[in-house]
Amino acid sequence: MNKGYLTAAYTNPVYLEQVVTLVLSFRLKGDETPFSLVTDEKLNKLLHVKGYEKWFDKVSILGSDKLYQFIGKLHSALQSPYEDTTYFDSDCLLVRRHNTINLGLDTIPFCVAGESVLEGMYAGFDLKPWLAHNHIDYIPIFNAGVFRFVGEGKKIVEQALAIMHQAEKYKLPKADGGLNEQVALGIAMAQNGLQPQRTDKDIHYSFFNANSQLSLDLFDGQCRFQKEGVWREPLIFHYTPLFQAGYYYSQSRKVLMQEVNKLRQHFGLDGTEFLKPSLRDKLALLRRGRYPFDSR
């Protein structure tokens, strides 16, 4: 089966730097699986100016009518040239190589690590009446920064995209950056009787809501931080929200940037810097006691 990885970068040059760094983290670990990119016209031009096209096996270009907010992720996933696709958000890094990333694809068409819930609060709403409204019995909960699909699994992405275009009908919640694509994918999975893959392996974790400083060494294959009272050591490190301007003075961000630029230098690329705070951002950080030093 034709297997490959896919990612997307659009609207902001920072995301282009992220996707290149993402690919480098895989190449560092000896993973030569083909990597495709979906981008817009503006970033495609920058891609060629910087000579980054050599890191991708295929580059697809979509218009701004499709590449916006989180909905652009689903449009991008549908551009995959592979029969077996693993999608990665641009702000991910491979820490170490391991076959558990492939968990579950021998039995189901759409695979993501997470769990299903039947009641309680989720994304700001009471689940029981919301599930009844959407005629589903459960909702899969997961981080959509990494997901894998084969064959019929593409239908899940297509259905999720249709759900996002009918947000009011499904009472789809918003996230920071647009309508929540994770919830849309979860609804589509539930409609097709698919469950997320529960695992005791730390396959993929984001730094969102972490409550310790980050320890990261990409060359030694180490990543460790505490989240929800549990120490995590993920195979795939999803460093959101560290790239955002609000974490510019964070100690964990400094660790991240050190490792990112060490990785880039190893492959002969110039260093980079992710989103920087504007004067307005700096004033907001000052009010929160996070300028010019942040102990997180």
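Refer to the preceding data block for the structure.
Just so you know, these numbers come straight off a predicted model, no measurement behind them.

(A) Local environment of unusual backbone geometry. The peptide bond linking Thr240 to Pro241 adopts the cis configuration, its omega dihedral lying at 10°. Examined against the element boundaries, Pro241 turns out to sit in the loop between strand E18 (236–238) and helix H8 (251–266). For the bond running from Tyr291 to Pro292, omega is 0°, close enough to zero to count as cis. The topology assignment puts Pro292 in the segment after helix H9 (279–287). With a phi angle near 65°, Asn209 is a residue other than glycine that sits in the positive phi range. Among the secondary structure elements, Asn209 is positioned in the loop between strand E14 (204–206) and strand E15 (215–217).

(B) Structural view of the nonpolar core. In this structure, Phe110, Trp130, Phe147, Leu172, Leu185 and Ile187 are the most contacted members of the largest nonpolar core, which totals 45 residues. By residue number, the principal contributor to this core is helix H7 (residues 181–191), which donates seven residues. Leu16, Phe56, Phe207 and Phe237 belong to the second-largest nonpolar core, a separate cluster that totals 41 residues.

(C) Main features of the packing of aromatic side chains. Within this structure, the stated rule accounts for 21 aromatic pairs. For the ring pair Tyr122 and Phe125, a centre distance of 6.0 Å and an interplane angle of 80° mean the geometry is edge-to-face. Accessibility expressed as a relative area gives 15% for Tyr122, which makes it buried. Its relative accessible area of 13% is what places Phe125 among the buried residues. Seen from their ring centres, Phe207 and Phe237 are 6.4 Å apart, and the 85° between their planes marks the pair as edge-to-face. One end of the pair, Phe207, is in the loop between E14 and E15; the other, Phe237, is in strand E18, with 30 residues separating them in the sequence.

(D) Seen up close, the sheet that holds strand E1 (residues 3–9). Spatially, E3-E2-E1-E4-E11-E6 is the arrangement adopted by the six strands of the open sheet, whose pairing is mixed. Looking along the sheet, the strands with just one partner apiece sit at the ends: strand E3 (58–61) and strand E6 (110–111). Of the pairings in the sheet, the one linking strand E4 (residues 84–88) to strand E11 (residues 146–150) comprises five bridges and is antiparallel in character. Opposite Tyr87, over in E11, you have Phe147 as the bridge partner. The sheet contacts of helix H2 (residues 41–49) involve E1, strand E2 (35–39) and E3, and relative to E3 the element is tilted by about 150°. Most of the contacts of helix H5 (residues 153–164) go to E11, to which it runs at about 120°, and overall it touches E6 and E11.

What counts and how
Residues numbered from 1 in each chain as written. Predicted model: local features only at pLDDT ≥ 70, side-chain atom pairs only at ≥ 80, totals over all residues. Heavy atoms only, no water. Helix = DSSP H or I, 4+ residues; strand = E, 2+ residues; numbered from the N terminus. Core = buried A, V, L, I, M, F, W, Y, C linked by side-chain atoms within 4.5 Å. Buried < 20%, exposed > 50% of the residue type's maximum accessible area, 1.4 Å probe, protein only. Phe/Tyr/Trp six-rings, centres within 6.5 Å; stacked < 30°, edge-to-face > 60°. Pairing = 2+ DSSP bridges. Contact = heavy atoms within 4.5 Å. Axes fitted to C-alpha atoms, helices over the stretch in contact; angles between N-to-C directions.

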